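# Coordinate analysis (summary)
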Amino acid sequence: FPADEFWDALLGLRSQMINLVSYTSSQGDPVLRVELAKQLQTRAIAAQPDEILVTSGVTQALSLLMQTLCRPGDSVAVEQPTYLGLLHTIKAQGLHAVGVPFDDEGPQLDELERVIHQHRPRFFYTIPSFQNPTGSCMSLGRRQALLALAQHAGILLVEDDIYAPLAYDQPPPPALKALDSNSVVVHVSSFAKIFMPGLRIGYMVAPAPIHQSLLSMRRAT
């Protein structure tokens with residue numbers, strides 16, 4: 001980790017220390033949200049600072065979503081296999097995970113459609129770029145078809161974009177949120193994989209109808 005550079009940055013902020021260690025907005029530091037909006041532009045996501053919610057990593061973002069959108073006993077659709085930490089969070093919230101298998105292009109949409117009709121999940125969680133644990137990337141065509149299905153079926157997509165910045169040989173695939181013209185995607189990410197995981201800097205951009213509810217839950221927790 002860039003520990004020396006980080007420490008130098010802290011020393012450079014000594015004159016602002018009183019402000020830095022005081023209470024700030026539950027939505028996250030306003031200056032940080034301005035910088036996060038700039039970072040999101042690199043993923044072709046147009047989000048204003050007031051539309052961004054800072055969280056303690058992706059895990060808290062996912063937990064807030066479940067507490068806001070779900071009730072104990074509800075189902076959540078997930079890729080199969082998927083991020084183990086998510087399954088622990090689902091279990092802790094008293095929810096049920098329903099797996100959706102995927103092929104070389106991404107989640108199998110006929111299976112997702114069946115799950116939607118049979119289980120009525122509150123949302124579908126996906127890691128479209130460098131999926132955990134497989135490392136696979138969803139094709140552009142499958143991304144577009146997934147968005148169309150979500151719009152048609154009225155289901156929310158939760159996109160975990162945490163691994164996208166790890167692209168080396170070429171730019172990462174477009175974020176689902178960048179392709180989302182119908183406000184069906186919640187975009188979550190963090191700096192855990194590219195900066196310092198211990199800082200717990202995560203963030204979330206959600207459709208306007210649920211943003212305020214998420215902020216209220218953030219204050220409560």
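Structure: above.
Read on for a plain summary of the structure. (Residues numbered from 1 in each chain as written. Predicted model: local features only at pLDDT ≥ 70, side-chain atom pairs only at ≥ 80, totals over all residues. Heavy atoms only, no water.)

Per the secondary structure count, the chain includes nine helices and eight strands. Relative to the globule expectation of 17 Å for 221 residues, the C-alpha radius of gyration of the chain, 18 Å, shows essentially globular dimensions. Dimensions of the chain along its principal axes, counting C-alpha atoms only, are 60 × 40 × 30 Å. For the chain, the proportion of its 221 residues judged to be buried stands at 44%. Taking contacts inside the chain between residues at least 6 apart in sequence as the whole, the part at least 24 apart equals 68%. When the accessible area of the chain is evaluated, it comes to approximately 11500 Å², of which 54% is carbon and sulfur surface. Of the side chains in the chain, 16 bear a positive and 20 a negative charge, and the two mean positions are spaced by 9 Å. (Helix = DSSP H or I, 4+ residues; strand = E, 2+ residues; numbered from the N terminus. Rg over C-alpha atoms; globule rule 2.2 N^0.38 Å. Buried < 20%, exposed > 50% of the residue type's maximum accessible area, 1.4 Å probe, protein only. Contact = heavy atoms within 4.5 Å. Areas by Shrake-Rupley, 256 points an atom, 1.4 Å probe, with all protein chains shown as cover. Lys, Arg positive; Asp, Glu negative; His and termini not counted. Charge placed at Lys NZ, Arg CZ, Asp CG, Glu CD.)

Running from N to C, helix 6 (residues 109–119) and helix 7 (residues 140–153) cross one another at 20°; their axes reach a closest spacing of 11 Å. Taken together, the axes of helix 6 and helix 7 are roughly parallel relative to one another. Considering only the axes of helix 6 and helix 7, their crossing is right-handed. Contacts between helix 6 and helix 7 involve Leu109, Leu112, Glu113 and Ile116 on the former and, on the latter, Arg142, Ala145, Leu146, Leu149 and Ala153. Here the residues of the contact of helix 6 with helix 7 sort into seven nonpolar, no polar and two charged. (Axes fitted to C-alpha atoms, helices over the stretch in contact; angles between N-to-C directions. Parallel < 35°, antiparallel > 145°, perpendicular 65-115°, else oblique. Left-handed = near helix turned anticlockwise from the far one by under 90°. Nonpolar A, V, L, I, M, F, W, Y, C, P; charged D, E, K, R; others polar.)

A contiguous nonpolar patch, built from Leu13, Met17, Leu20 and Val21 and spanning about 340 Å² of accessible area, is present on the exposed surface. You can see Leu20 is positioned in helix 2 (residues 17–20). When its relative accessible area of 45% is taken as the criterion, Leu20 is described as partly exposed. (Patch = residues over 30% accessible without salt bridge, like charges linked within 9 Å, V, L, I, M, F, W, Y side chains within 5 Å. Salt bridge = Lys/Arg side-chain N within 4 Å of Asp/Glu carboxyl O.)

This paragraph deals with unusual backbone geometry. Across the junction of Gln80 and Pro81, the peptide omega takes the value 5°, indicating a cis bond. Tracing the chain through its elements places Pro81 in the loop between strand 2 (75–80) and helix 5 (84–92). At Phe130, a residue that is not glycine, the phi angle is positive and equals roughly 60°.

So, on to the packing of aromatic side chains. The full count for this structure, using the stated rule, is two aromatic pairs. Taking the centre distance of 6.1 Å and the plane angle of 75° together, the rings of Phe6 and Phe195 count as edge-to-face. A residue pair is termed long-range when its members are at least 10 positions apart, and Phe6 in helix 1 (residues 3–12) and Phe195 in the loop between strand 7 (185–190) and strand 8 (201–205) qualify at 189 residues. Look at Phe6 and you get partly exposed, because its relative accessible area is 26%. (Phe/Tyr/Trp six-rings, centres within 6.5 Å; stacked < 30°, edge-to-face > 60°.)

Our focus in this paragraph is the packing of helix 4 (residues 57–69) against helix 9 (residues 208–220). Look at helix 4 against helix 9: their axes get within 9 Å of each other, and the N-to-C directions meet at 110°. When the axes of helix 4 and helix 9 are compared, the pair comes out roughly perpendicular. From helix 4, Gln60, Leu64, Leu65, Gln67, Thr68 and Leu69 reach across to helix 9, where they touch Ile210, Ser213, Leu214, Met217 and Arg218. A per-class count over the contact of helix 4 with helix 9 returns six nonpolar, four polar and one charged.

Here we come to the pairing of strand 1 (residues 52–56). Across the five residues of strand 1, four count as buried, placing the element largely inside the fold. One ladder, built from five bridges, connects strand 1 with strand 8; its direction is antiparallel. If you follow Ile52 over to strand 8, its bridge partner there is Val205. (Pairing = 2+ DSSP bridges.)

Now for the side chain of Ser75. Here Ser75 lies in strand 2. Every residue in contact with Ser75, bar those within four places of it in the chain, is listed here: His96, Val98, His119, Pro121 and Arg122.

A few words now on the nonpolar core. Counting 29 residues, the largest nonpolar core has Leu62, Leu65, Phe123, Val186 and Met204 as the members making the most contacts within it. It is helix 4 that provides the largest number of residues to this core, a total of seven residues. When residues no more than four places from it in sequence are discounted, the contact partners of Met204 are Glu51, Ile52, Leu53, Thr55, Ala61, Leu64, Leu65, Val186, His187, Val188 and Leu214. Core analysis: the next-biggest nonpolar cluster, separate from the first, contains 18 residues, Phe124, Leu147, Ile155 and Leu157 among them. (Core = buried A, V, L, I, M, F, W, Y, C linked by side-chain atoms within 4.5 Å.)

Read these as spatial facts, not as claims about activity.
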